[in-house]
Amino acid sequence: MWSNVLYIDLETGEHHTRDRSDLFDKYLGGTGVATQLLLEECPAGIDAFSPENPVIFSIGPLTTIFPCVSKVVSMFKSPMTGEMGESHAGGRLAMAMRFAGYDSIVIKGRAAKPSYLSIHDDEVKLKDATSIWNLSSVEVTGKILREVEPGKGRRSIMRIGKAGVNQVRYANVNVDTYRHFGRLGMGAVFGSKNLKAIVISGTEEVELPDMPAYKKMYSKLYGEVVDTEVMDKYHDLGTAANINVLNRLKGLPTKNLKQSHFENAESISGEYFADNLLLRKIACSNCPIGCIHIAMLKTQFQKGHEFEVSHISYDYELIYSLGTNLGITMGEDVLRLIDRCEQHGLDIMSTGGVLAWATEMYERDLITPPDTLGLSLRWGDTDNYLKMIDRIVEMPNKFYQAMAKGTAVAAAEYGGEDFAINLGRLEIAGYHTGPASIVGQIVGVRHSHLDNGGYSIDQKASSQQLSEEQMVDKLIYEDYWRMVNNSLVCCLFARGVYGEQNMVDALECVGIKKTRDELEAIGREIFLAKYKFKEREGFDIDKVSVPARFFETVSQLGMVKKDTVDNMLKLYRKKTGI
Amino acid sequence: MPAKIKVANPNRCINCYSCMLACSRTNANSVSLIDSAIDVRTSGGIESGIGIIVCRSCIDPPCARACPTGALTPRNGGGVVLDKDLCDSCKLCADACLPRAIHFDRADMPVICTHCGVCAKFCSHDVLELVKTEVM
């Protein structure tokens, strides 16, 4: 129904739009269309920092039309993994793209000078960003752009921090202060393009073929989101509720996965944050849940009643990676670390992973003060971790340059590969639940726990005694169907609402008639198209090494055996044909 | 008894825009923000507070007084009723409204709250309420 693609060349500042119904008709939108655009636009074998590397954004046919269809898919070649880079973000971006009238945006080239893009309806301009290029705060960058750009109250502002400018390989792109395109280094790709920010807004009115049917379906889905228990956990304590849960189950990676439980979990738990630090909750556009938990950190900076106050969003993964994984024992200290990464524009899960590996290296005397430039690393030492985060961004010596490339690269150079906790060159999510989590992150198209929810399959396996083959079948089912979710593009927290039938019915409201089986086939096709790109760029499941530590620390399902993982990978390859 | 929209608990707003989408969907048959009579917006980014701008249902509405063509007339229970045929888009009504609750759609027609209550129905956090008014 909508298929307008905006192409922008940063080299010349020129832009044009093209109708790509050829892609949208076949692949719906979101991740399905973005994958095809990536295959078209990204030449084989290029460096991720080459001007030819495209940055692609896509929304889908239900974006802003139905509740919780609130995400944007981004795609690029990743400087972290050297293969497929994909990340999703919420905030206001999806709605801003919908009302600006762009279903996908493709950005190529490198700007001659530090620049930002200003996109308001049909007006697309490349503007000078010299004066904000080196700002030390992502938050301040947003404040400055708000003063000079139109679209107040309904625009979205993406921007990178110092980490992106300096091309730390896991730099993120901040979206509307509290959301991110994280993980696979799109911030560094922005930096390589001299692209500091993108502001986007629009005023379109969208009309649908059958308004009465649409209104009825909207009310049904809204009711399922708000009035049933499907999404309760995301609003109440939020994802941070998982700290105590996984700690009890021994699935919570702690101190570089030396442990799977944390003795001090209580004082950094979701309950602790909610009772002591939570200020308010906010939502992505068009989502009535409001899962974004904002904490207030009040810090005394000199004697007397002198305080500075920061508002910081938190989630489970952040508390794991900068909390349990670094042995931090107080919620307030976790917030200080989160805030520092946020202002630099660093992916927090990777930053935590790199710091945890470095701490163990230091413990074993495999790195020494000359490497760290005098910083001693100890579990729980917030002040030194803060300094180390600054140095990762500044990269003053060879060691910090290695840390800025991620755990896998740093370990290849300095050692400790057996405890360099990464899968497919990406630091792991906060789950040591069993083999499905490990296999899921290896095979997942973006090496994310959200590709197939392997952790959740481990949890089912623990109550239902699933065989290896049954676990693999469940991974594949999720891998295919989440391609459909991610093509619409609904928030995966709402996947309980957007099940097979609701997706079929919702699509019909916007004039897209697909059966359940057709959707599943599209999901599989998108999945295989991604593997086509991944394999073209050198990804090979057989070459992913699983660090020994995964098999030495007890998981929720007991000790994980290497044979189990190998066997499940073999089954996965056989059943998917990759 | 007529009803009116009340911003009962503004500090509970999560800035999800469900109310605005409900208003456009119901009253303008569109998916949009600019067709919505209620306007929820931040000023200074989502890290700042959230403002909710909606018709305050004045009994003696300044917007109607400012209207030179008679397109806006007082509504029973507060607020105004719009007769599109009489409106010439002069925008004097918008200037007369101190909370700035009147804005214009793409056809340059004022978007006027009818106090139908659909925004409150789709507010998941009890920010908005539809209340009965005493005035008849």
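The structure displayed is predicted, hence computed values, not measured ones. (Residues numbered from 1 in each chain as written. Chains lettered and ligands numbered in written order. Predicted model: local features only at pLDDT ≥ 70, side-chain atom pairs only at ≥ 80, totals over all residues. Heavy atoms only, no water.)

Novice: Would you explain the packing of helix α18 (residues 435-443) of chain A against helix α19 (residues 454-464) of chain A in this entry?
Specialist: The angle between the axes and the distance between the axes are what describe a pair of packed helices. Residue and element names in this part refer to chain A. Packing of α18 against α19 brings their axes to within 7 Å, and their N-to-C directions diverge by 155°. If you check the angle between α18 and α19, you find them roughly antiparallel. As for the relative orientation of α18 and α19, their crossing is right-handed in sense. In this structure, α18 contributes Pro 435, Ala 436 and Ser 437 to the contact, and α19 contributes Gly 454, Tyr 455, Ile 457 and Asp 458. For the contact of α18 with α19, a count of residues per class yields four nonpolar, two polar and one charged. (Axes fitted to C-alpha atoms, helices over the stretch in contact; angles between N-to-C directions. Helix = DSSP H or I, 4+ residues; strand = E, 2+ residues; numbered from the N terminus. Parallel < 35°, antiparallel > 145°, perpendicular 65-115°, else oblique. Left-handed = near helix turned anticlockwise from the far one by under 90°. Contact = heavy atoms within 4.5 Å. Nonpolar A, V, L, I, M, F, W, Y, C, P; charged D, E, K, R; others polar.)

Novice: Would you explain the pattern of salt bridges in this entry?
Specialist: Side chains that differ in sign of charge can pair as their charged atoms come close. Residue and element names in this part refer to chain A. Enumeration according to the criterion identifies 39 salt bridges over all chains in this entry. In this structure, Glu 263 and Lys 255 form a salt bridge, with 3.2 Å as the shortest nitrogen-oxygen distance. Here Lys 575 makes a salt bridge to Asp 473, at a shortest N to O gap of 2.9 Å. Of this pair, Lys 575 sits in helix α23 (residues 562-576) while Asp 473 sits in helix α20 (residues 468-488), and the two are 102 residues apart along the sequence. With relative accessibility at 35%, the residue Asp 473 sits in the partly exposed group. Each of Glu 360, Arg 364, Arg 549 and Glu 552 takes part in one network of salt bridges that share partners. (Salt bridge = Lys/Arg side-chain N within 4 Å of Asp/Glu carboxyl O. Buried < 20%, exposed > 50% of the residue type's maximum accessible area, 1.4 Å probe, protein only.)

Novice: I tried to follow the interface of chain B and chain A on my own but got confused; where do I start?
Specialist: Accessible area lost when the parts come together is the quantity often used to give the size of an interface. Listed by partner, the interface residues are 35 residues for chain B and 41 residues for chain A. Roughly 3,100 Å² is buried in total at the junction of chain B and chain A, and carbon and sulfur atoms are behind 54% of that figure. Where chain B meets chain A, there are one salt bridge. For the pair chain B and chain A, the number of links is 15 residue pairs in polar contact (both at pLDDT 80 or more). At five residues, the largest contribution of residues to the side of chain B that touches chain A is made by helix α1 (residues 18-27) of chain B. Its residues placed into classes, the side of chain B that touches chain A shows 14 nonpolar, 13 polar and eight charged. (Buried area = accessible area lost by both parts, 1.4 Å probe. Polar contact = N/O pair within 3.5 Å; in protein donor to acceptor, adjacent residues only side chain to side chain.)

Novice: What is the right way to look at the nonpolar core in this model?
Specialist: Across soluble globular proteins, you tend to see nonpolar side chains buried next to one another. With 232 residues, the main nonpolar core has Phe 57, Phe 66 and Trp 357 of chain A as its most contacted residues. Judged by nonpolar contacts, the second largest core, of 13 residues, contains Cys 63, Val 80, Ala 94 and Phe 104 of chain B. (Core = buried A, V, L, I, M, F, W, Y, C linked by side-chain atoms within 4.5 Å.)

Novice: Is there a simple way to think about helix α9 (residues 242-249) of chain A in this case?
Specialist: Side chains three or four residues apart in an α-helix point the same way, a direct result of the helix having 3.6 residues per turn. Residues and elements named next belong to chain A. Buried within α9 we find Ile 243, Asn 244, Leu 246 and Asn 247. In this fold, the buried residues of α9 make contact with α10 (270-276), α11 (316-322) and α19. Looking one or two residues past α9, Lys 250 carries a phi angle of roughly 60°, positive in sign.

Novice: Any chance you could explain the sheet that holds strand β4 (residues 72-77) of chain A here in plain terms?
Specialist: To summarise the sheet geometry, strands pair through backbone hydrogen bonds and adopt either a parallel or an antiparallel arrangement. Residues and elements named next belong to chain A. The strand order β2-β1-β6-β3-β4-β5 describes an open sheet built from six strands, whose pairing is mixed. In the strand order of this sheet, the two ends are held by β2 (15-19) and β5 (84-89), each with one partner. The sheet shows a mean angle of 20° between the axes of neighbouring strands, direction not considered. Direction of pairing for β4 relative to β5: antiparallel, over a ladder of six bridges. Opposite Val 72, over in β5, you have Ala 89 as the bridge partner. (Pairing = 2+ DSSP bridges.)

Novice: Would you mind showing me how to read the domain arrangement of chain A here?
Specialist: All names here are of chain A. Entries for chain A in the domain assignment read domain 1 (4-201), domain 2 (235-410) and domain 3 (426-576). Distance between the C-alpha centres of domain 1 and domain 2: 26 Å. Tallying the contact residues gives 33 residues for domain 1 and 30 residues for domain 2. Here domain 1 packs against domain 2, burying approximately 2,600 Å² in sum over the two surfaces, 51% of which is carbon and sulfur. Interface area lost by domain 1 to domain 2 is led by Tyr 170, Tyr 178 and Arg 183, which between them contribute 30%. One salt bridge in this structure joins Asp 315 and Arg 179, with 3.6 Å as the shortest N-O distance. Our count for the contact surface shared by domain 1 and domain 2 stands at 18 residue pairs in polar contact (both at pLDDT 80 or more). Only α4 (138-148), α5 (162-165) and β11 (179-181) provide two or more residues apiece to the side of domain 1 that touches domain 2. In terms of residue count, α5 provides more of the side of domain 1 that touches domain 2 than any other element does, three residues in total. (Domains from an automatic or database assignment.)

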